[in-house]
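Structure at a glance
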There are 2 protein chains.
Amino acid sequence: MTSVEEPARPGERERVRDAARTQAEILDVATQEFARAGYDGARVDEIAARTRTTKRMIYYYFGGKEQLFTAVLERAYGVIREAEQQLDVDHLDPVAAIRRLAELTFDHHEQHPDFIRLVSIENIHEAQHIAASGKLGKIGSPALDVIRRILEEGRRSGLFTADVDAVDLHALISSFCFFRVSNRHTFGALFGRDLVDPAQRAHYRTMLGDMVIAYLTAERAAD
Amino acid sequence: MTSVEEPARPGERERVRDAARTQAEILDVATQEFARAGYDGARVDEIAARTRTTKRMIYYYFGGKEQLFTAVLERAYGVIREAEQQLDVDHLDPVAAIRRLAELTFDHHEQHPDFIRLVSIENIHEAQHIAASGKLGKIGSPALDVIRRILEEGRRSGLFTADVDAVDLHALISSFCFFRVSNRHTFGALFGRDLVDPAQRAHYRTMLGDMVIAYLTAERAAD
DNA sequence: TCACTAATGTACGAACTAGTACGTTAGCTA
DNA sequence: TAGCTAACGTACTAGTTCGTACATTAGTGA
């Protein structure tokens with residue numbers, strides 16, 4: 001998540017009024033607060049109190065609580081898109097490429113629990129903020145293009161047998177990565193196992209890769 | 001979910017005062033309201049208005065909003081436990097047994113979207129109500145015992161090669177089933193694909209089974 | 001340097017919301 | 001059938017929460 005800790009660039013004197021900084025600071029704090037308490041549990045006053053500015057500015061820049069949450073979502077999705085764009089697997093064989101992609105997803109989900117919480121919250125509200133966003137419509141994800149290319153190559157070379165398209169494979173990979181973070185509390189409370197235990201991280205990361213590869217390369221009964 | 005539509009048993013005259021019926025009716029409506037709006041978004045007044053009783057009775061029987069939500073969770077988890085207890089796969093070979101179990105999980109998740117939403121909500125609140133419940137501690141799940149038996153048999157017979165225990169396999173199966181329902185709104189909005197489209201139901205159900213079997217039976221590099 | 005506007009702060013209000021004090025009655029039991 | 005209590009309803013309050021009217025000032029362009 002883009003943060004605003006650094007006081008602009010060195011040499012540039014910290015101005016008292018800085019619209020960009022104020023907005024970014026509001027977004028940082030709002031991200032934490034919405035992720036912590038959910039949309040209705042989050043308090044606009046609390047967000048304001050934890051910035052260097054006032055509630056007035058939240059309404060000045062974002063218009064209201066709903067639009068603030070939408071802006072928070074837009075930025076959070078932007079971050080994962082950027083990470084996915086860094087992905088370069090064209091030099092790898094399809095099996096290694098898919099494993100690399102799955103591991104990137106795994107790592108990103110683990111490193112951004114706030115993002116997971118925001119997405120969970122947005123689903124409770126039936127994606128109404130995404131629908132109202134404009135910036136966030138059906139713009140897909142860079143990962144999808146990568147998956148498409150890998151799948152094509154994998155099938156061409158005969159390594160992949162599964163009858164699956166890029167979107168479904170993305171869902172399969174995401175489901176494991178997402179669940180592990182999103183449901184860790186209830187899962188831990190009910191089954192006594194912490195899915196995000198650092199000592200088990202490598203285990204689950206391998207498990208994910210094994211699962212995806214096994215699925216894609218399994219011998220299939222006649223289609 | 002246990003419902004209270006039927007006016008007791010036929011012949012039994014509907015009494016004006018019926019503690020069990022009132023409590024069940026409150027739980028029914030509260031389940032819907034909490035699932036609809038989240039914990040903080042849910043309104044005690046709204047729950048009361050949609051029952052045949054008043055807010056007073058919610059406090060009389062449950063004590064408060066927190067305890068009401070806990071009671072709602074307890075009942076919802078009870079329902080899935082019951083479903084899992086119906087499961088009888090001892091007569092099936094391990095591969096068929098695991099597929100049957102996965103499909104039962106798939107079906108239950110699809111048929112109980114409110115349950116999924118409640119669990120998502122409880123995770124946003126870090127499972128605090130489960131922790132405070134008593135009824136819901138680390139009591140596991142009937143499905144776990146079934147998985148344990150199938151895994152043992154599968155490994156004994158040499159069919160299963162994966163180094164995975166029952167809890168992790170349960171997580172793998174649940175993640176796909178849960179994500180498909182819990183994240184359908186954001187996934188649909190971002191990728192233009194409805195994961196719960198009835199026309200695709202069989203496709204995803206097969207995909208789940210294929211994935212689990214492929215993972216369990218894949219040829220592994222030397223361990 | 002001066003005026004203009006974007007950026008900011010203060011103080012407040014209207015509406016909502018969880019929870020409760022108090023009073024009433026249905027239905028069971030002796 | 002009388003009386004007792006679990007079950008129920010009404011009306012209210014204290015505290016909260018989103019949002020805004022109004023006043024002020026930093027920084028910039030002419």
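Everything discussed here concerns the structure shown above.
Throughout what follows, the structure given in this document is the object of discussion. Fair warning: this is a prediction, and the values are worked out from it, not measured in the lab.

What counts and what doesn't
- Residues numbered from 1 in each chain as written.
- Chains lettered and ligands numbered in written order.
- Predicted model: local features only at pLDDT ≥ 70, side-chain atom pairs only at ≥ 80, totals over all residues.
- Heavy atoms only, no water.
- Phe/Tyr/Trp six-rings, centres within 6.5 Å; stacked < 30°, edge-to-face > 60°.
- Lys NZ or Arg CZ within 6 Å of the ring centre and 35° of its normal.
- Core = buried A, V, L, I, M, F, W, Y, C linked by side-chain atoms within 4.5 Å.
- Buried < 20%, exposed > 50% of the residue type's maximum accessible area, 1.4 Å probe, protein only.
- Contact = heavy atoms within 4.5 Å.
- Near = heavy atom within 4 Å.
- Helix = DSSP H or I, 4+ residues; strand = E, 2+ residues; numbered from the N terminus.
- Nonpolar A, V, L, I, M, F, W, Y, C, P; charged D, E, K, R; others polar.
- Polar contact = N/O pair within 3.5 Å; in protein donor to acceptor, adjacent residues only side chain to side chain.

Comments concerning the packing of aromatic side chains
Applying the stated criterion across every chain, the model contains 16 aromatic pairs over all chains. Ring pairs connect the aromatic residues F178(A), F179(B), F187(B) and F191(B), which therefore count as one cluster. Sitting over the ring of Y39(A), K65(A) keeps its end group 4.7 Å from the ring centre.

Digging into the nonpolar core
Ranked by size, the top nonpolar core spans 137 residues in total, and within it F34(A), L169(A), L216(A), F34(B), L169(B) and L216(B) carry the most contacts. Residue contacts for F34(B): discarding those within four places in its chain leaves Y39(B), A42(B), I47(B), K65(B), L68(B), F69(B), V72(B), L118(B) and I121(B).

What about the protein's contact with DNA strand C?
Around DNA strand C sit 23 residues in total, of which T53(A), Y61(A), R17(B), R43(B) and K55(B) are the nearest. The sugar-phosphate portion of DNA strand C accounts for 55% of its atoms within 4 Å of the protein, the bases making up the rest. If you list the elements that add at least two residues to the surface near DNA strand C, you get α1 (19-41) and α3 (55-62) of chain A together with α2 (44-49) and α3 (55-62) of chain B. In terms of residue class, the surface near DNA strand C is made up of eight nonpolar, four polar and 11 charged.

Remarks on the protein's contact with DNA strand D
Of all residues adjacent to DNA strand D, which total 23 residues, the nearest are R17(A), R43(A), K55(A), T53(B) and R56(B). Taking the atoms of DNA strand D that fall within 4 Å of the protein, sugar and phosphate contribute 57% of them. R43(A) places a polar side-chain atom, nitrogen or oxygen, 2.7 Å from a phosphate oxygen of DNA strand D. T54(B) is positioned with one of its backbone polar atoms (N or O) 3.2 Å from a phosphate oxygen of DNA strand D. Taken together, the elements giving at least two residues each to the surface near DNA strand D come down to α2 (44-49) and α3 of chain A together with α1 (19-41) and α3 of chain B. Counting residues per element, the surface near DNA strand D draws most heavily on α3(B), which supplies four residues. Taken together, the residues of the surface near DNA strand D sort by class into eight nonpolar, four polar and 11 charged.

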